[in-house]
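Letter by letter, the chains look like this.
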Amino acid sequence: MSVANFVADFVQNTLHLDPLNVGRGLVGVTFIVAGRSTLKTFQHSRDITFEAPKYRGGKHRQHTRYHAFRGATLALAASTVQVFAMWMSPERDLNPTVYYSQWILALGHYGGWYIPYLFPKGFWVQGAKELRAPVWAAEYGHIVALATNVLALLVARPKYFLKN
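Model, not experiment: these values are computed from the prediction.

Draft legend 1. Up close: helix α1 (residues 3–14). Between its first and last C-alpha, α1 extends 15 Å over 12 residues, near the 16 Å set by a 1.5 Å rise per residue. Taken residue by residue, α1 has A4, V7, A8 and V11 as its buried positions. Taken end-on, α1 shows its buried residues confined to a sector of 95°, consistent with a single buried face. Elements that come into contact with the buried residues of α1 comprise α2 (19–45), α4 (96–114) and α5 (136–160). Where α1 ends, the next residue or the one after it, H16, has phi of about 55°, a positive value.

Following this line, the structure appears as structure tokens:
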């Protein structure tokens, strides 16, 4: 039995809860928690101390703020699509393609937070510090958002694979 089937079975048959409703609740928590991080990223895009005055290649010093804005809009889109798929889609429209698309979106969104942890020090940029969240409070929020999104997808899985 796969992890997804085990989690979904536990919710449905042991707790006697509708997997889609549990998934909706979890993805709602994800949206709120990830939204806090997204708001912080939007704040960075407005903060001139977030600029890189010595940035090479003739780029403007505000280039880092531009990337913060871009990252925040992408994060907002990723979180919104997750909510939209689970909350707004009629159950008959949930299918394996939507399910796997949500996983790809989640991996892309949260991969930006956690893939850098796989790199040994100095691997990505020689002599530089690792890419990390600036404070542990941000890291805790990221972990909660990741965990609730993954659980939402695992729990709701049966609703995407119903035989019509």
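Alright, that's what it looks like, and here's the rest.
Draft legend 2. Quick peek at the packing of aromatic side chains. Applying the stated criterion across every chain, the model contains 9 aromatic pairs. On the basis of an interplanar angle of 55° and a centroid distance of 5.1 Å, the ring pair of Y99 and Y160 is categorised as tilted. Pair noted here: Y99 is in helix α4 and Y160 is in helix α5, with a separation of 61 residues, a long-range link. Take Y99 and Y160: they sit in the same class, and that class is buried. On the basis of an interplanar angle of 90° and a centroid distance of 6.4 Å, the ring pair of W113 and Y114 is categorised as edge-to-face. A network of ring pairs unites the aromatic residues Y99, Y100, W103, Y160 and F161 as a single cluster. A cation over an aromatic ring shows up here: R157 above the ring of F161, its NZ or CZ 4.1 Å from the ring centre.

Draft legend 3. Focus on the pattern of salt bridges. The full count for this structure, using the stated rule, is 4 salt bridges. For the salt bridge of D18 with K159, the shortest nitrogen-to-oxygen distance reads 3.2 Å. With D18 in the loop between α1 and α2 and K159 in helix α5, the pair connects residues that are 141 residues apart, well separated along the chain. Among the ionic pairs, R61 bridges to E51, the shortest N-O distance being 3.0 Å. With R61 in the loop between α2 and α3 (63–88) and E51 in the loop between α2 and α3, this residue pair connects regions lying 10 residues apart in the sequence. The partly exposed category is assigned to R61, whose relative accessible area is 45%. Salt bridges here are not isolated pairs; linked through shared partners, they connect D18, E91 and K159.

Rules behind the numbers
- Residues numbered from 1 in each chain as written.
- Predicted model: local features only at pLDDT ≥ 70, side-chain atom pairs only at ≥ 80, totals over all residues.
- Heavy atoms only, no water.
- Helix = DSSP H or I, 4+ residues; strand = E, 2+ residues; numbered from the N terminus.
- Expected span 1.5 Å × (residues − 1).
- Buried < 20%, exposed > 50% of the residue type's maximum accessible area, 1.4 Å probe, protein only.
- Arc of directions from axis to C-beta.
- Contact = heavy atoms within 4.5 Å.
- Phe/Tyr/Trp six-rings, centres within 6.5 Å; stacked < 30°, edge-to-face > 60°.
- Lys NZ or Arg CZ within 6 Å of the ring centre and 35° of its normal.
- Salt bridge = Lys/Arg side-chain N within 4 Å of Asp/Glu carboxyl O.

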